[in-house]
Each structure stands twice: as C-alpha cells, then as structure tokens.
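# Observations on the model geometry
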Amino acid sequence: MTKAAFIYSEKLWERGHGEAHPLQPERLKRTYELLGAYGAFDSEDSLLVPARQATLEELGLFHSQEYITAVQKLSRGEEGVNAARYNFGSGDNPIFAGMYETEALKLGAGMVALELVLSGEVEVAFSFAGGMHHARPAYASGFCVFNDVAVAIHKMLAEGLRVAYIDIDVHHGDGVQAAFYDNDRVLTISFHESGYHLFPGSGFVEEIGKGVGRGYAVNLPLAPYTDDETYVWAFQEIVPLLVQKFDPDIVVTQLGIDTHYQDPLAHLCLTTEGYVAVVETIKSLAPRWLSFGGGGYELDVVPRAWTLAYGVMWDKEFPDEIPSPYADKYGLTTLRDHKKPFLDDWVRDQARSQAEVGVETLKKTVLRSIQGRE
Ligand SMILES: [Zn+2]
C-alpha cells in the first residue's frame with residue numbers, strides 16, 4: 001500500500017471565475033464529495049491535509065512582484081490598475097472578489113503537497129485544485145493566475161532534485177515548459193491536442209528546449225478525435241523510455257481530464273479507461289510523485305476521473321458502483337465509463353497516423369539526445 005495525501009480546503013470552492021465560466025469550483029467540491037463517499041479519507045494510509053495560503057516569497061519564486069501586487073489590488077477591487085496589462089478581462093481570466101486569496105490558496109495547496117512528499121511522510125500527494133500550467137511570470141493565461149507547478153519545481157531545483165514533469169491536460173503545458181525551457185534538470189513532457197486546433201496554439205513536436213535544455217522539452221500534439229487506443233499507445237511508446245533515461249528524483253504531473261470525449265472545451269476522445277491506463281503508467285515511473293489536477297470541465301466526468309486517479313496513486317481500486325449518497329445527489333451510477341465515443345474508421349486512422357509520425361520524430365530527436373545523471 002502506498003501512503004498518499006489529498007490536499008483540500010472548502011475555501012477552494014467558495015469563490016470562482018463566475019457562473020458562465022467553464023472553471024466551476026463545483027468540480028472540486030464534487031471530487032472531494034465523491035472520494036469521501038468512497039471512504040477515501042478513513043484510512044491512515046490516505047491523509048486528508050488542509051491547504052494553506054502561499055507566502056509572498058513562494059509566489060515570487062516564479063511571479064514578478066509587480067504582477068503579484070496587481071492581482072492583490074484587482075482582487076480587492078481597487079481602481080487604477082490596468083487589468084489588460086496582466087491579461088485579465090471579461091474572457092478567460094475574469095477578475096473576481098477574493099481572487100488573490102483563492103488563487104494563492106491553490107498554490108499553497110501545492111506547497112503543502114510538495115512538503116509532504118519531500119519530507120517522506122507520503123510517497124504521493126495530490127493537489128487536485130492546482131495544475132495552473134498556463135500562468136506566466138507577469139500575466140494570467142488560460143484560467144490560470146498563479147503557476148503552482150512552476151513554483152513547486154523551482155523549490156525542488158533549489159533542493160538539488162532532478163524533476164520529470166508529465167502534463168496530460170488536453171492543452172499544451174506552455175507556462176511550465178517556458179519556465180524550464182533552457183534547463184537540463186527539468187524534463188517537461190506534454191501530450192495535448194494540437195496547437196493548430198486548440199489554445200494556447202503551441203506545443204509542436206519541434207519545440208524541444210534550448211541551450212543546455214535542448215532535448216529536455218517534449219511535445220506530442222495530437223489530432224482531434226484521438227481515442228484511448230492511440231493515446232495510450234503513444235504514451236507508452238515514448239514516455240517510459242524518456243523518464244527512465246532521464247532518471248528523475250521526483251515525478252510531477254498535471255492530470256487534466258479535458259481530454260475526455262464529453263469535455264465541452266476540446267476534441268480528444270478519451271474515456272476513463274485510457275486516462276487510468278496513463279495514470280497507472282505514470283505511477284510505475286515515479287520514485288516520488290507530486291500530482292496536480294488541471295483542466296476538465298464536464299461535471300459528471302471530473303470527479304470520477306480524479307477519484308480513479310487518486311485510487312491509482314494510493315493503490316486502491318474503488319468499486320464501480322457509486323455509493324448511494326453521491327449517486328442519488330448527482331444522478332451518476334458508475335465510476336468508470338461504460339460507453340465509448342463513436343468514431344468513423346478514417347477519423348481514427350488519421351489520428352493514429354499523426355500520433356505515429358510524432359512518436360517517430362521524438363524517437364529521433366529528444367530520445368536520442370537526452371542524458372541521464374552524470
Ligand atoms: Zn486544459
């Protein structure tokens with residue numbers, strides 16, 4: 001049995017980006033409720049640990065002081081701040097009252113998770129409210145205000161650790177990739193829907209890092225309608241080889257479930273079966289594991305996927321039948337998907353061909369150049 005920790009606070013779902021915004025705090029609340037319904041926090045091998053606010057020093061490991069101050073002022077509704085300068089506005093990144101506290105709590109949750117893993121108290125910790133992989137040093141991006149992943153990796157680098165970051169969100173993990181693009185002690189791997197079809201429009205196979213970091217950024221852009229079979233094949237074909245060769249001290253993951261076929265924002269076609277197969281592969285590669293949530297916008301999907309993911313982390317197979325209080329409240333009966341999306345053969349074959357070309361390219365480029373430890 002692995003010892004795992006789940007980081008939470010009810011304050012994480014008190015406030016959010018607004019009723020019309022896809023990033024509904026309800027997704028966090030329901031995940032917490034579903035895990036609770038399965039009794040996930042009733043064992044001494046699974047710790048339920050309170051989140052805390054990030055400190056200014058932690059935020060400053062990645063973000064500029066000017067940006068941190070601007071987020072504080074905007075959060076309090078102060079006049080005289082040019083919101084557009086920091087990419088806030090009515091679209092992806094709206095300003096809301098208490099934004100600073102909410103977003104700094106998400107980042108602080110990741111710091112708690114990191115501390116638990118580094119101290120050896122647990123082997124894996126899940127900061128399910130985090131994974132804000134698009135946020136940049138001086139501006140918000142793609143629903144992300146503070147980049148908890150980048151701050152956590154900076155802290156690990158300061159401890160002398162080698163870090164492998166695996167991002168399976170449907171969107172390219174651009175903010176994290178950019179933060180460590182010229183670093184050979186952080187391997188960033190992102191599988192995502194191609195930037196030709198989806199925000200943020202980057203993450204092409206040619207993006208492999210620069211300077212000493214050349215070969216330490218890995219991207220596999222996938223075609224719309226890529227399904228479980230192709231995704232899991234591509235992941236297993238390249239990720240274990242890369243991670244084993246790199247030989248990290250710790251694996252960091254962003255486990256967005258916006259790859260799911262029912263997700264309203266993107267066009268990949270995974271089910272919980274493919275998602276779990278990938279998370280299981282990650283577990284087999286991770287000496288220690290710091291895990292973040294991420295995207296995922298279908299309320300009937302996110303709680304089930306993250307419950308399954310936490311089960312993999314903690315080595316616990318939850319029964320498929322959803323316990324009655326949750327099932328009755330939300331009208332869901334099974335934890336796992338029992339339907340697959342219908343895809344025409346030619347659509348499936350096209351997606352498979354694109355993945356095969358990408359995997360072959362990565363084998364010739366990053367897999368050849370990557371070095372283990374000295
Ligand atoms: Zn996403």
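Residues numbered from 1 in each chain as written. Predicted model: local features only at pLDDT ≥ 70, side-chain atom pairs only at ≥ 80, totals over all residues.

## With respect to the overall build of the protein
From N to C terminus, the protein includes 12 helices and 8 strands. Whereas a compact globule of 374 residues would reach a radius of gyration of roughly 21 Å, the protein reaches 19 Å, a difference of no more than 12%. Projected onto its principal axes, the C-alpha coordinates of the protein cover approximately 55 × 50 × 40 Å. Expressed as a percentage of the 374 residues in the protein, the buried residues total 52%. Taking all contacts inside the protein whose residues are at least 6 apart in sequence as the whole, residues at least 24 apart take part in 76%. (Helix = DSSP H or I, 4+ residues; strand = E, 2+ residues; numbered from the N terminus. Rg over C-alpha atoms; globule rule 2.2 N^0.38 Å. Buried ≥ 20, exposed ≤ 12 C-beta atoms within 10 Å, placed from the backbone. Contact = placed C-beta atoms within 7 Å.)

## Overview of the sheet that holds strand β3 (residues 124–127)
Taking strand neighbours across the sheet as the criterion, the 8 strands line up as β2-β1-β3-β8-β7-β4-β5-β6 in an open arrangement whose pairing is parallel. What marks the edges here is a single partner per strand, and that holds for β2 (46–50) and β6 (217–222). The average angle at which neighbouring strand axes cross in this sheet is 15 degrees, direction not considered. In the sheet, strand β1 (residues 4–8) pairs with β3 via 3 bridges, with the strands oriented parallel. For Ala4, the partnering residue across the bridge sits in β3 and is Val124. (Pairing = 2+ DSSP bridges. Axes fitted to C-alpha atoms, helices over the stretch in contact; angles between N-to-C directions.)

## Brief notes about the nonpolar core
Counting residues in each nonpolar core, the largest one holds 123 residues, and the members touching the most others are Ile7, Ala113, Ala125, Phe126, Ile153, Tyr165 and Leu242. In terms of residues, this core owes the most to one element, helix α4 (residues 99–118), which gives 12 residues. (Core = buried A, V, L, I, M, F, W, Y, C linked by C-beta atoms within 7 Å.)

## Regarding the environment of Leu265
Checked against the element boundaries, Leu265 lands in the loop between β7 (250–254) and α8 (272–285). Each C-alpha atom, one on Leu265 and one on Phe199, is 9.7 Å from the other, the two residues being 66 residues apart in sequence. In contact with Leu265, not counting residues within four places along its chain, are Pro22, Asp258 and Tyr297.

## Side note on the environment of Gly110
Inspection of the secondary structure assignment puts Gly110 in helix α4. Along the sequence, Gly110 and Phe292 sit 182 residues apart, while their C-alpha atoms lie 7.5 Å from each other. Once residues within four sequence positions are removed from consideration, Gly110 is found in contact with Ser127, Gly130, Asp148, Ala152 and Phe292.

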